[in-house]
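# Overview (structure and organization)
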Amino acid sequence: MASFTKSLFLFLFIQFCFSILPSSFAQSPTPGSSDGYTIYGRVKIPSFGTKEFSLPAKVSNVKVILNGGQRVSFLRPDGYFSFHNVPAGTHLIEVAAKGYFFSPVRVDVSARNPGKIQAALTENRRGLSEFVLEPLKEEQYYEIREPFSIMSIVKSPMGLMMGFMLIVVFLMPKLMENMDPEEMKRAQEEMRNQGVPSLASLLPGAARSN
Amino acid sequence: MAMAIRVFLSFLLFLSLTNLASSLYEDQVGLMDWHQQYIGKVKHAVFHTQKTGRKRVLVSTEENVVASLDLRHGEIFWRHVLGTNDVVDGIDIALGKYVITLSSDGSILRAWNLPDGQMVWESSLQGSKESKSILNIPKNLKADKDDLILVFGKGCLHAISGIDGEVLWRKDFASESIEVSHIIQSPEVIYVAGFVGSSKFYVYEVNAKSGELLKNNHVALPFATSGESLSVSGDKFVVLDDVRSKIVTIDINNGNINYNQKQVSDLIKDSSGQAVILPSKLPGLFALKINSQVLLIKVTNEGELVALDQIDNTAAFSNALSISEDQHVFAFVQYEDNKIQLSVKDVNDWNGALLKENLVIDHQRGNIEKIFINNYVRTDRSHGFRALMVMEDHSLLLVQQGEIVWSREDGLASVVDVTTSELPVEKEGVSVAKVEQNLFEWLKGHVLKLKGTLMIASAEEKIAIQKLRLRSSEKSKMTRDHNGFRKLLIVLTRAGKVFALHTGDGRIVWSTTLHALRKSEDCEHPVGLNIYQWQVPHHHALDENPSLLVIGRCGPSVTAPTVISFLDAYTGKELNSLSLAHTVARVIPLPYTDSTEQRLHLIIDVNKHAYLYPRTPEAIEILKREFSNIYWYSVETDNGVIRGHALKSNCIHEIVDEYCFVFRDLWSIVFPSESEKIIATVTRKSNEVVHTQAKVMTDHDVMYKYISKNILFVANAAPKASGEIGTATPEEATLVIYIIDTVTGRILHRMTHHGCQGPVHAVFSENWVVYHYFNLRAHRHEMSVIEVYDQSRADNKDIWKFVLGKHNLTSPISSYYRPEISAKSQSYFFTHSVKAIEVTSTAKGITSKQLLIGTIGDQVLALDKRFLDPRRTLNPSQAEKEEGIIPLTDSLPIISQSYITHSLKVEGLRGIVTVPAKLESTSLVFAYGVDLFFTQIAPSRTYDSLTEDFSYALLLLTIVALVAALFVTYVLSERKDLEEKWR
């Protein structure tokens, strides 16, 4: 439930970001250049809590990677990035940002329609109308330690041991009391007959021979 | 009862399934892992010390790293690792606040914010021709409003605004066929100078405001020139003629170009050697190197050459540094029998030395290759100097007042190969001296720990606990431990230096620059290639030290001469080194050792000869015995051929060499070159341990794994689609997968992925192979698994056959026997691009496997092999679920807690190595790139030992409570007994 509300919040926030973004340019042919086009885009990491566009300090370590390492680009302070001289074709853009999970983006650079660029997230096949890349989720690298509680001690092996001991100490006498004295006597008799239980007597064959 | 067990088992399975991700708590960081950051061999360095505050040096390196280092301690303030093709050509500071880098052959210009490394702007420079790239930033001490950055790259001169990276104008020189080598800026005019051909020197004058070509001028020299020309001052250049006997001085004063020439022999008596102009930029001076001597020559205003001094045994010259309006200084280093002398001199005042210091530098670091100087003002207003030195082993030193202030082992940024070695056994009596702790300290520590367990510790106490944990652990001891966690990681770097790193804390135990891999006359560009375990002493001879074999080559080509070297693994001492008469194409460690536990190695050269090492009669004896059992294969990527080989006979030479063998081709597989091109081959690790050959299926059926050491995975792509992503369409791309037996050359399995292309990364383990490739149709990365089973042994499951002895399990397994193979395969989507894949290896091979995937974001993800199981189905039956089969999903999950690098990055990741610990559940992982990262992982959790955070205090507490309860109940029962008796 908590994660649902969180994701809902994220979704709403993304919607909010979209609504106040100036329409960013997704493509543009390079003037005067013979080979290739320029891909412009923007990476937006919503900083939770503040409504301003203050990108977190982590942004300086964000890398945008074209075609699995063919080229690596970095973000400007406003989150924009660009790849120049990209030939027409279908390309893959990945964003490597510590702490965030980004979907790779399929980018179609059209040759027939110069400079026409289409982008779609490959994880969920969602098309992008504007070339703005948002993290799909935040990545938590560490397990969160649960706060101290009595239950965790009770659940631990030692706790169970203690619990068992308590049961034996306080409940067993009660059970013994409720037992029929005759039955008890019979059981004691049986025990005496068997003598000291040995390993041999535990084996079914040996028991039969007894 | 059976039902109960079943329920219990499924409960256990459920528990284990929920824990597929092996994760870490934040306070456990650094307990078992370490991370080291490097930058690589420094190419350029720029100091930034003008302003008060943090003093830093900005560097660019051969690993394409741009970094800002703290000048006080050598730590990294910030660092950016550029793409592999994005080679940095120049670095400088503009406007006093931006770091400007020129990269990718002068086509990308970036500005980084000086304090925090944030990229401010990026400019793409267009051009049509490959050319030298020059970055020129005018050195105005006062930040000008309109600061111009001049860049020459791709045959064009660009003027770029330093504020926002806007290209103000560009002038194309591509049509002029000029090799531009100098850009000289004066306030109004920019001079662009260079040679056309080898004898015509052109100078163009360009308007600095508009980029308009004002005039051009040239001079034709009556002879050809050789080597780079050097700009001595704003209007004078020097260059050598093609026979290197004359120095030509070119003067471009006032648009007229004049030249003078002078014989080298006029300046120096003994001018027999080859003269080279050193590329140090010194105003009015230049350095000419002849043999091992360096001649400093002054160029007077009239263009006359005057020999100033002759310096012997010099190592490196720095560029000039201007310390005031008219004072320029430079530094050079000299070797004087075992001593290193650093001198700083004024360019104009030759006789007085500003600084003369003797240095002591560990000779393991090799020669000084580069030196950069910087000055500071002492309290008495005199100038002090500090020098940054780049050594032969790629390390970086800062020297100030005759002492090394800090050093960085940046050779570790270029690890080439890794092996491990066990540590010495702990001897009695030599154990590390126990530190006496007083009782109070001991008690305090335990109270702190208990507080931590009960989660009531404050922030400072938590830090104290962390420190206590790190200190008390014995992980950094120099002896072998029971669990096998402590080992030596022995890494070979590109510089030919060998380092031994302790797995406990990553410190350098020893480092050795191999004598054979030092730069010398006959070994110009030594490179380290491989490192192998040469001798691992037997359990009975533990007092002997293990040794290592290092293979290196004197140059990048396969035909370059080879050197091998033997090292002691505990001390790093070079035991022996050999310069081989033959080349090295491949090294095959054989599975045989001689009586001294030296492993036999075959070295294959390019002329199809195999050489046996060690060169002892005993080794020959062993080889003769196993002569017919030695097989190997070779992959010819260019021809698309894979061949299998076996030894034939001794070489037929004039000189009889009984350690040399010729070999024959047993088989060859020729792939159709028009449709397939080999892009990846992977084989099993030779030291991998397989625990069980059989796999029990859900229906109590048994499948036998096809386990063979001689098995090869080959991935072929269509030639059109063998390039990078984005160059091919799905229609023209196919990926063909082969699994080949390398003894018989039999193709065991073949599979085609239509619409897929490389790069392929694969890992082979036991009977399965996992590979990663790109699916063009879905435009996503995919990972596939192939599991190979031996069908011919499948009918062995009848118990009567075992009883009657009619099974074929005892029949010898030979590669010549043709088993029936069945292969199962499944594919899944995977989100990220991949840089490396490895699989965990454990001591006995019992523990389940995890794939270690180095992603494009330079992180290492541990992915359970159970996610890559061809038996996964959409709706697994109850029985299958109990066995741990995960319902099929179209993509592999990326659980962020299972990144073994947690919040760290192994920048520039190139490889992952796994080594088994002695403890079966644990595997040691070492990832290397520009950074190094080491950790221990337990793919099925540490089922054979208590976890690190096991609370002994709680155990003690329980025991005490139990004992107390025992007494209380005893007393109570006694009392009750008494009461009963009274009654």
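Every value quoted in this text rests on a predicted model; they were computed, and no experiment measured them.

Below, the discussion takes up the overall build of chain A. From N to C terminus, chain A includes six helices and 12 strands. Within chain A, contacts between residues separated by at least 24 positions form 54% of all contacts whose residues are at least 6 apart in sequence. If you sum the accessible surface of chain A, you get close to 13,100 Å²; carbon and sulfur atoms cover 61% of it.

Moving on: helix α3 (residues 157-178) of chain A. With 22 residues, α3 of chain A should cover 32 Å at 1.5 Å per step; its first-to-last C-alpha distance of 30 Å lies within 8% of that length. The sharpest bend along α3 of chain A comes to roughly 40°, located at Leu 171 of chain A, with the proline Pro 173 of chain A sitting one to four residues further on. Every buried residue belonging to α3 of chain A is among Met 158, Gly 159 and Met 165 of chain A, and all of these are buried. Those residues of α3 of chain A that are buried lie in contact with α2 (150-155) of chain A together with α8 (952-982) of chain B.

Sequence positions flagged by UniProt for "transmembrane region" (unreviewed entry) are, in local numbering, residues 158-176 of chain A. With 100% helix and 0% strand, residues 158-176 of chain A has end C-alpha atoms that lie 26 Å from one another.

Here we take up the sheet that holds strand β13 (residues 167-172) of chain B. Residues and elements named next belong to chain B. Reading across the sheet, the four strands line up as β10-β11-β12-β13 and stay open at both edges, with antiparallel pairing between neighbours. The open sheet has two edge strands with one neighbour each: β10 (134-136) and β13. On average, adjacent strands in this sheet sit at an angle of 15° to one another, irrespective of strand direction. Taken together, the three bridges between β10 and strand β11 (residues 148-153) define a ladder with antiparallel strand orientation. The residue of β11 that forms the bridge with Ile 134 is Phe 152.

Further remarks concern the interface of chain B and chain A. Residue-level contacts link 60 residues of chain B with 53 residues of chain A. Both faces considered, chain B and chain A share a buried interface measuring about 5,000 Å² in area, 56% of it formed by carbon and sulfur atoms. If you look at where chain B meets chain A, you find three salt bridges. Where Lys 63 of chain A meets Glu 907 of chain B, a salt bridge forms, and the shortest distance between an N and an O atom there is 3.1 Å. Taken together, chain B and chain A are joined by 20 residue pairs in polar contact (both at pLDDT 80 or more). Among the secondary structure elements, those contributing two or more residues to the side of chain B that touches chain A are β5 (76-81), β8 (108-113), β9 (119-124), β57 (780-790) and α8 of chain B. Of the residues forming the side of chain B that touches chain A, the biggest block, eight residues, is contributed by α8 of chain B.

All names here are of chain B. Here β9 lies mainly inside the structure; five of its six residues are buried. Pairing of β8 with β9, which is carried by five bridges, proceeds in the antiparallel orientation. Bridge pairing links Trp 112 to Met 119 in β9. Between β8 and β9, which pair antiparallel and follow one another directly, the connecting turn spans five residues, one of which, Gly 117, has a positive phi of 80°.

What counts, and where the lines are drawn
Residues numbered from 1 in each chain as written. Chains lettered and ligands numbered in written order. Predicted model: local features only at pLDDT ≥ 70, side-chain atom pairs only at ≥ 80, totals over all residues. Heavy atoms only, no water. Helix = DSSP H or I, 4+ residues; strand = E, 2+ residues; numbered from the N terminus. Contact = heavy atoms within 4.5 Å. Areas by Shrake-Rupley, 256 points an atom, 1.4 Å probe, with all protein chains shown as cover. Expected span 1.5 Å × (residues − 1). Bend = angle between axes of the 7 residues up to and from the residue. Buried < 20%, exposed > 50% of the residue type's maximum accessible area, 1.4 Å probe, protein only. UniProt positions renumbered as here; feature names shortened; annotations may be inferred. Pairing = 2+ DSSP bridges. Axes fitted to C-alpha atoms, helices over the stretch in contact; angles between N-to-C directions. Buried area = accessible area lost by both parts, 1.4 Å probe. Salt bridge = Lys/Arg side-chain N within 4 Å of Asp/Glu carboxyl O. Polar contact = N/O pair within 3.5 Å; in protein donor to acceptor, adjacent residues only side chain to side chain.

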